[in-house]
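In case you want the letters, here they are:
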Amino acid sequence: MALIGAVLGFVVSSGITQRELLLFPFQGEERWCDFKGLSLPVKMQDPNEDTEWNDILRKKGILPPKEIPKDDEEEEVALQQQSVVKTYESMTLEELEENEDEFGEDDEAAMEMYKQKRLAEWKAVQMKNVFGELGEISGQDYVKEVNKAGEGIWVVLHLYKQGIPLCTLINQHLSGLARKFPQTKFLRSISTTCIPNYPDRNLPTIFVYFEGEMKAQFIGPLVFGGMNLKVEELEWRLSETGAVKTDLEENPRKQIEDKLMSSIRSSLPTRKDSGSEDEDD
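Structural notes, computed from the coordinates. Predicted model, so just to flag it, every value in this text is computed and none were measured. (Residues numbered from 1 in each chain as written. Predicted model: local features only at pLDDT ≥ 70, side-chain atom pairs only at ≥ 80, totals over all residues. Heavy atoms only, no water.)

**Comments concerning helix H11 (residues 231–241)**
And step 1. Among all positions in H11, only Glu233, Leu234, Glu235, Trp236, Leu238, Ser239 and Thr241 are buried.
And step 2. Phi for Gly242, located one or two positions after H11, is positive at around 100 degrees. (Buried < 20%, exposed > 50% of the residue type's maximum accessible area, 1.4 Å probe, protein only. Helix = DSSP H or I, 4+ residues; strand = E, 2+ residues; numbered from the N terminus.)

Shown next as structure tokens:
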């Protein structure tokens, strides 16, 4: 009875539920269990055994955490290392560079290996996506060549018509830009064959797409600044959309505007000249 009373007191004070009490092992070697300063005679199994009762005692803080065998520790370390390698394998080149500081010195060799692997894969994709010329499409080609151009592909589409000088000029500029930026797909299409009843007043028109989604549009002659449009200006405009990666450091249009304003200022009379003219009168 004393043992039962002690056990019941131990159960109540430790917070063990009735359901958990059913798992109490009444067979086995008798041991003394110290709980909150109270020594209790408890018949219990080996504390290192994987039993539900021992798990309950560990959860209540009565038994210490189970010791992990050395072999299991080594296996756990190996699994962690495999997990790290798997993390490398799942990262893109950009992610590898961003997370470079988060890995230790032991990971540097693996990081470098996977960076080189991702770089080679990226170059292989870029080689496949080399265009290099201004292509011609019709309305039937639109979905395939524009909307389904592919992952990571920028498309610059020029809607034009024969006999419009600015359209001819832009086609010339785009031919040069297609050679300069072969990773971007440059296309042209006669406006009415691509979009029925497309108004001539909107020509020239340039649509910019990325992965089939429209990102920018330039509609009408005023947007392009007329026949004075330079290829560098068009390159800059396209770079602002993301379609090309230009090496221009500033907008060429700004240089022209600065020169124009400087010319206007130099042609205006100064206050001194104005005052001299007044005295002569």
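**Looking at the packing of aromatic side chains**
And step 1. Summed over the entire model, instances satisfying the criterion amount to 3 aromatic pairs.
And step 2. Ring geometry for Trp154 versus Phe210: centroids 4.6 Å apart, planes at 35 degrees, classification tilted. Highlighted residues: Trp154 in strand S4 (residues 154–160) and Phe210 in strand S6 (residues 205–210), separated in sequence by 56 residues.
And step 3. The class for Trp154 is buried, based on a relative accessible area of 18%. (Phe/Tyr/Trp six-rings, centres within 6.5 Å; stacked < 30°, edge-to-face > 60°.)

**Notes on the nonpolar core**
And step 1. Among the nonpolar cores identified, the biggest contains 21 residues, and Leu174, Phe186, Ile206 and Leu238 are the most heavily contacted of them.
And step 2. Of all the elements in the fold, those that place two or more residues in this core are S4, helix H8 (165–180), S6, strand S7 (213–219) and H11.
And step 3. Aside from chain neighbours lying at most four places away, what touches Phe186 is Glu133, Leu134, Gly135, Val156, Leu174, Leu177, Ala178, Phe181, Leu238 and Val244.
And step 4. Core analysis: the second largest hydrophobic core is formed by 16 residues, Ala149, Leu157, Cys167 and Phe207 among them. (Core = buried A, V, L, I, M, F, W, Y, C linked by side-chain atoms within 4.5 Å. Contact = heavy atoms within 4.5 Å.)

**Details of the pairing of strand S5 (residues 185–190)**
And step 1. Bridge analysis of strand S3 (residues 134–136) against S5 gives 3 bridges, and the strand direction is parallel. Across the sheet, residue Gly135 finds its bridge partner in S5, namely Leu187.
And step 2. At this point the chain moves from S4, through H8, to the parallel S5, and the crossover so formed is right-handed. (Pairing = 2+ DSSP bridges. Right-handed = clockwise from strand over helix to strand, strands pointing away.)

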